[in-house]
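Chain and residue survey
Chain by chain, the residues run as shown.
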Amino acid sequence: MPARRGLPGRRPRRAPVRPAASRGGRAEAAWREFAASFVRAGMVPPAEAGLTAVEAAEGAAVLLLAPQQALTFTGKCRLTCLYGAVRVLGFAIASHQPGQQLFSPPTHCALALEALPAAAQPAADLRQLRAAARAAMRAHRVRRQARVKVMARFSPQCAVVLLEHLDTPVTRFLLSHPPLSRLFEPQKKEEPNFTPEDAVLASVGIVKCSPERGLLVSESMFLALEELIQACCAEDEGVPVIMVCGPKNVGKSTFNRYLINLLLNHLPSVEYLECDIGQTEFTPPGCVSLTNVTEPFLGPPFTHQRMPRKMVYYGQPSCEQDSERYVDVVKYVFNSYKKEVPLVINTMGWVKGEGLLLLTDIIRLLSPSHIVQMDVYDWKAMAPLTPEYVHLAPGLYTKGKQQPKCKQMNASRAENWKPSEGERDTLAPEYKLLYIHPEFPRAGVAGEARVHSGILRDMAILGYLGQLQPPDVGSVLPLQSLVPYQVPFNAVALRVIHTDVAPTNIMYAMNASWVGLCRIPDEVRSQTDGPVLLTQTPVCDCLGFGIVRGVDMEKKLYHILTPVPPENLRLVNCLLLGNIAVPNCILVSQQGIEGEIPYVTSEYNYSILGSGKLKKKKHFKRREFMFPCDFT
């Protein structure tokens, strides 16, 4: 049965169900902590009137949070817990843990600091607790006046955190481009009355906002999280494989971050399989990757770009043109999963027509133990992915189990049909289906997303290129000022993934392009010093990305800018060029350029035949499948 809808703007309350006694001790402890956090989350945070924020030093502030108090904010800062414990996007940060970087731009779900209540302490220990809080503030050079003000409101159950101004090479690089220069500033001022506490927070780089801008945990989400945490922490069961499905703009990425951060409170690591090539989490767009996550990610994808354990560059933000190669890529990456830790799988928001058929194939290929299906209450973008439905439904490349009495069955009948005991097949998939109904504003409406998906992809690329910035330089170095690597033509093979390019024009296509730096198993051999061209797109490991800054036709060299370390570059023997372009702001906003900007022109006539973007017709139907293909 679908879960009861919670009240708008509030997190619904429900008494958690105690796990079975057969669960291991770790699962029991995980359940207790999660259930306690739900009791806190089920309450409306107190008004910010009780918020204590004091300037600790230049660009730093001490924040005291009373038990069950929360601060929802936009901006960026570094957080260090001095006393007690706080939780950010599911991850608990205690005083003995290192500080964390927090990124909360208005383009994404706002982060919230929640104070976790401490265990009751004997009265004799209160003096020691106060002394420990004072010592922690002294160790971080908090001003005496600030210490006095914080200790005046101190209680043993509170949390004391140090917030510091955060400036990283990646954020400096992003903010240096005019379209993103105000990325971390609030879109509009929500509070008409600017208090002294607001001024203190602003000096650090954050602005408090309405709690409704943060993560709203619906009852159905809590029930799903409760079961997933129990399954992942159970010591007497296999390692769970969790697949998260749903249409666009239902919060799949935010849910994945919240779930993994919760699991990292109890487990040393979690594997993450990225199958959404349009909105990737740890890599630039167009990739299928497997990442071992050992640290919480407390910000959008552009803030935590990293090298996965396994990665393939598919080369396009959508797999509609070549879904067969997409399935091969997912299979290739998934084969690297060792089944030693839980796996979270992110899927695309393409769940209509052929997208649903492809999702059915992916479910059969990856064999998840749990499927989290996210969809809104009011209208359903996809049929319930029950094991019976997946068993019967045809995929794009796999066949469903045919019923003996009805070979031609539409989607609604496949959804409602329930097999008898004698009709159940041993090959039917076995997984637990969990429903989540998001309740944030504009949920499920793709056109109502905060930011266009293309802008988010550009931000991920900029975040990746931000790794080129030296960590010890305060200013931003323009990309054209960095020294590129020189790669001989005959040292690497070339392939354009998404379209056919004549060999005589291949260098025009490569120049000023975004390329995947890959390794193919075959040795690259060339009888001449000219370029080596592949006739087919390989499914191979991708070691990183770069920009072909220039092509030297006289010396037969590619000039490539990339943050990939030299020891990995020695393994690269293939350059793949896909339908992922260098962001326009990089080309237009080049600093230190006088006169005409390279690679940029305003004299372009879109009326010329073939000059515009190719539009694919999406209204056709494929007669070999029983389900209608609706791409709208």
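Look above for the structure.
Structural notes, computed from the coordinates. (Residues numbered from 1 in each chain as written. Predicted model: local features only at pLDDT ≥ 70, side-chain atom pairs only at ≥ 80, totals over all residues. Heavy atoms only, no water.)

**A few points about the side chain of Glu114**
To keep things clear, this is the line we draw: Segments assigned H or I by DSSP are reported as helices when at least four residues long, segments assigned E as strands when at least two residues long, and all are numbered from the N terminus. Exposure categories follow from relative accessible area, calculated using a 1.4 Å probe and restricted to protein chains: below 20% of the type maximum is buried, above 50% is exposed, and the middle band is partly exposed. Residues are treated as being in contact if the distance between any of their heavy atoms lies within 4.5 Å.
Relative to the assigned elements, Glu114 resides in strand 7 (residues 111–116). Looking at Glu114, the relative accessible area reads 18%, which means it is buried. Sequence-distant contacts of Glu114, defined by excluding residues within four places in its chain, comprise Gln69, Ala70, Ala85, Val86 and Arg87.

**As for the packing of helix 2 (residues 126–139) against helix 3 (residues 144–152)**
The condition that has to hold: Here the axes come from fitting lines to C-alpha atoms, over the contacting stretch only for helices, and the angles between their N-to-C directions go from 0 to 180 degrees. Under this scheme an angle from 65 to 115 degrees is roughly perpendicular, one under 35 degrees roughly parallel, and one over 145 degrees roughly antiparallel; angles in between are oblique. Helix crossings fall into two classes, left-handed where the near helix is turned counterclockwise from the far one by less than a right angle and right-handed where it is turned clockwise. Under the grouping applied here, Gly and all other residues not named as nonpolar or charged are polar, the nonpolar ones being Ala, Val, Leu, Ile, Met, Phe, Trp, Tyr, Cys and Pro and the charged ones Asp, Glu, Lys and Arg.
Interaxial distance between helix 2 and helix 3 falls to 11 Å at its minimum, and their mutual angle equals 150°. As the angle between them shows, helix 2 and helix 3 are arranged roughly antiparallel. Both helix 2 and helix 3 take part in a crossing whose hand is right-handed. The segment helix 2 lies against helix 3, with Arg130, Ala133, Arg134, Met137 and Arg138 engaging Arg147, Val150 and Met151. For the contact of helix 2 with helix 3, the residue count by class is four nonpolar, no polar and four charged.

**Structural notes on the nonpolar core**
Formally: Buried Ala, Val, Leu, Ile, Met, Phe, Trp, Tyr and Cys residues that are joined via side-chain atoms within 4.5 Å together make up what is termed a nonpolar core.
Membership of the largest hydrophobic core comes to 58 residues, with the highest contact counts inside it found for Leu63, Leu102, Leu113, Leu163, Phe255 and Val372. Per-element accounting of this core gives the leading share, eight residues, to helix 6 (residues 219–233). Not counting residues within four places of it along the chain, the set of residues in contact with Leu163 comprises Gly59, Ala60, Ala61, Leu63, Cys77, Arg78, Leu79, Leu113, Leu201, Val204 and Ile206. Leu166, Val496, Met510 and Leu576 belong to the second-largest nonpolar core, a separate cluster that totals 57 residues.

**Structural notes on unusual backbone geometry**
Here Lys339, not a glycine, exhibits a phi torsion of approximately 60°, which is positive. With respect to the helices, strands and loops of the structure, Lys339 is situated in the loop between helix 8 (323–334) and strand 14 (343–346). On the basis of relative accessibility, which here comes to 60%, the residue Lys339 falls in the exposed class. Of note in the backbone geometry, Ala512 takes a positive phi value of approximately 60° without being a glycine. Assignment of secondary structure puts Ala512 in the loop between helix 13 (506–510) and strand 19 (514–519).

**Quick word on the packing of aromatic side chains**
This is how the line gets drawn: Aromatic pairing here means that ring centres of Phe, Tyr or Trp (its six-membered ring) are within 6.5 Å. Orientation follows from the plane angle: under 30 degrees is stacked, over 60 is edge-to-face, and everything else is tilted. The criterion is that NZ of a Lys, or CZ of an Arg, lies within 6 Å of the ring centre and within 35 degrees of the ring normal, and then a charge sits over that ring.
According to the stated counting rule, one finds twelve aromatic pairs in the structure shown. With a centroid separation of 6.1 Å and an interplanar angle of 35°, the aromatic rings of Phe334 and Tyr337 are classed as tilted. Overall, Phe334 belongs to the buried group, its relative accessible area being 14%. You can call Tyr337 buried: its relative accessible area is 7%. Counting every residue linked through ring pairs, the aromatic cluster contains Tyr313, Tyr464, Trp514 and Phe545. Residue placement shows Arg325 over the ring face of Tyr314; its charged tip is 4.1 Å from the ring centre.

**Quick look at the sheet that holds strand 12 (residues 287–293)**
Formally: Only strands joined by at least two bridges in the DSSP assignment are considered to pair.
The strand order 13-12-11-14-10-15-16 describes an open sheet built from seven strands, whose pairing is mixed. For this open sheet the edge positions go to strand 13 (310–313) and strand 16 (432–436), each flanked by a neighbour on one side alone. Neighbour-to-neighbour, the strand axes of the sheet open up by a mean angle of 15°, direction not taken into account. Judged from the four bridges that link them, strand 12 and strand 13 form a sheet pairing that is antiparallel. Each residue of the ladder has a partner; that of Val288, found in strand 13, is Val312. Here helix 7 (residues 252–263) sits on the sheet and contacts strand 10 (241–245), strand 11 (270–274), strand 12, strand 14, strand 15 (370–374) and strand 16; the angle it forms with strand 14, its principal contact strand, is near 170°.

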